[in-house]
Amino acid sequence: MPVDPSFDYIEVRGAEIDTHRDTLGHLRIAVFREFPYLYDGDLDYERAYLKVYAESKDSLVVLLYANGQLVGATTCIPMADESAEFQKPFIDAGIDIATVLYFGESIILPEFRGAGAGHEFFARREQHAKNLGAKLMAFCAVDRPTDHPLRPPNYRPLDEFWRRMGFAKNERLHSNLEWKDIDADNPSSKQLTYWTKACQ
C-alpha cells in the first residue's frame, strides 16, 4: 500500500523520547478509548509507562505527523528493558528475552487510517529489530469476547492485517494487565495474547 505523501515520520530513540511523553500519552489515551481496549486513560500512568522507553538506549518511537499535527505513533523496545509483566510469559516459555524486540503499540487517529501508515510502522520496527540483531518480534493484543456490549457493529479485528505482516498468534503467551474501562468504576485485569514473528 502506498504511503500518504503528506505524512511525516520522525524517529526518536532512548532519552529523546522523554520530551514527547505528554503528547504521546494524550494520543494513547485518545486512541485506546476505542474498542477493544476501552481504556479510561490517565496521564500520570502514561508518563510512567513511557518513561520505560525513555530509559532504554535501544528503544524506538516513530512519530507520525500530518500538517504539523501528531496523528499517530508506534513504539518498540528490547524485551529485556520492558517491565516484568511483559517479560514473564517469555521467561516461563523458555524464550531468551535478550533475543526479543517488543512492539509496544501502533496508534493512529481514525481519520488518518487506511493510508499506509500501519505498514510503514511495521517496516520501521522490523528494520530496528534487524539492526539490533533480535531473533524474535512480539506484540500483544487484548482479548475481548465477540459479544462484548461495547463492541461497535462495524468493528473489524486487525488479525488479518497482522497475519499479512507475517505475525502469528501464539496461544501459549499471555500477559495480564490492569486498567479501568471507560464504562467501569474500578480497574480490572485483562488478558492479552501475544503475536510473534521470527526476524529474517
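Heads up: the structure comes first, above all this text.
Residues numbered from 1 in each chain as written. Predicted model: local features only at pLDDT ≥ 70, side-chain atom pairs only at ≥ 80, totals over all residues. Heavy atoms only, no water.

## Concerning the overall build of the protein chain
So, point 1. When you go through the protein chain residue by residue, the secondary structure sums to five helices and seven strands.
So, point 2. Ordered by position from the N terminus, the helices and strands of the protein chain form the series β-α-α-β-β-α-β-α-β-α-β-β.
So, point 3. A compact globule built from 200 residues should have a C-alpha radius of gyration of about 16 Å, and the protein chain, at 16 Å, falls within 12% of that.
So, point 4. Overall size of the protein chain, expressed as C-alpha extent along the three principal axes, is 45 × 45 × 35 Å.
So, point 5. Counting across all 200 residues of the protein chain, residues that qualify as buried make up 50%.
So, point 6. Put simply, 72% of the contacts in the protein chain that link residues at least 6 apart link residues at least 24 apart. (Helix = DSSP H or I, 4+ residues; strand = E, 2+ residues; numbered from the N terminus. Rg over C-alpha atoms; globule rule 2.2 N^0.38 Å. Buried < 20%, exposed > 50% of the residue type's maximum accessible area, 1.4 Å probe, protein only. Contact = heavy atoms within 4.5 Å.)

## A word on the pattern of salt bridges
So, point 1. Under the counting rule described, the total for this entry stands at 19 salt bridges.
So, point 2. Among the ionic pairs, Glu105 bridges to Arg28, the shortest N-O distance being 2.2 Å. You can see Glu105 sitting in strand 4 (residues 100-108) and its partner Arg28 sitting in helix 1 (residues 21-32), a full 77 residues away along the chain. There is no split in this pair, since Glu105 and Arg28 are both buried.
So, point 3. Among the salt bridges present, the one from Asp40 reaches Lys180, with a minimum N-O distance of 2.5 Å. With Asp40 in the loop between helix 1 and helix 2 (43-54) and Lys180 in the loop between strand 6 (168-179) and strand 7 (188-198), this pair connects stretches of sequence that are 140 residues apart.
So, point 4. Connected through salt bridges with shared partners, the residues Glu11, Arg13, Glu120 and Arg124 form a single ionic network. (Salt bridge = Lys/Arg side-chain N within 4 Å of Asp/Glu carboxyl O.)

## Things to note about the side chain of Asp181
So, point 1. When you line up the elements, Asp181 lands in the loop between strand 6 and strand 7.
So, point 2. Taking relative accessible area as the criterion, Asp181 reaches 8% and is therefore assigned buried.
So, point 3. Of the polar contacts made by the side chain of Asp181, one reaches the side chain of Arg144; its length is 3.1 Å.
So, point 4. When near neighbours in sequence (up to four residues on either side) are disregarded, Asp181 contacts Tyr37, Leu38, Asp40, Arg144 and Lys190. (Polar contact = N/O pair within 3.5 Å; in protein donor to acceptor, adjacent residues only side chain to side chain.)

## Here we look at unusual backbone geometry
So, point 1. Of note, the bond from Phe35 into Pro36 is cis; its omega dihedral lies within 30 degrees of zero at 15 degrees.
So, point 2. Within the secondary structure, Pro36 sits in the loop between helix 1 and helix 2.
So, point 3. Phi is positive for Leu38, close to 55 degrees, though the residue is something other than glycine.
So, point 4. The phi dihedral of Asn67 is positive, around 55 degrees, even though this residue is not glycine.
So, point 5. Assignment of secondary structure puts Asn67 in the loop between strand 2 (60-66) and strand 3 (69-78).

## Notes on helix 4 (residues 117-132)
So, point 1. In a regular helix each residue adds 1.5 Å, so 16 residues correspond to 22 Å; helix 4 covers 23 Å between its end C-alpha atoms and thus fits that length.
So, point 2. When helix 4 is considered as a whole, its buried residues turn out to be Ala117, Gly118, Phe121, Phe122, Arg125, Glu126, His128 and Ala129.
So, point 3. Once helix 4 finishes, Gly133 follows within two positions and takes phi at roughly 75 degrees, a positive value. (Expected span 1.5 Å × (residues − 1).)

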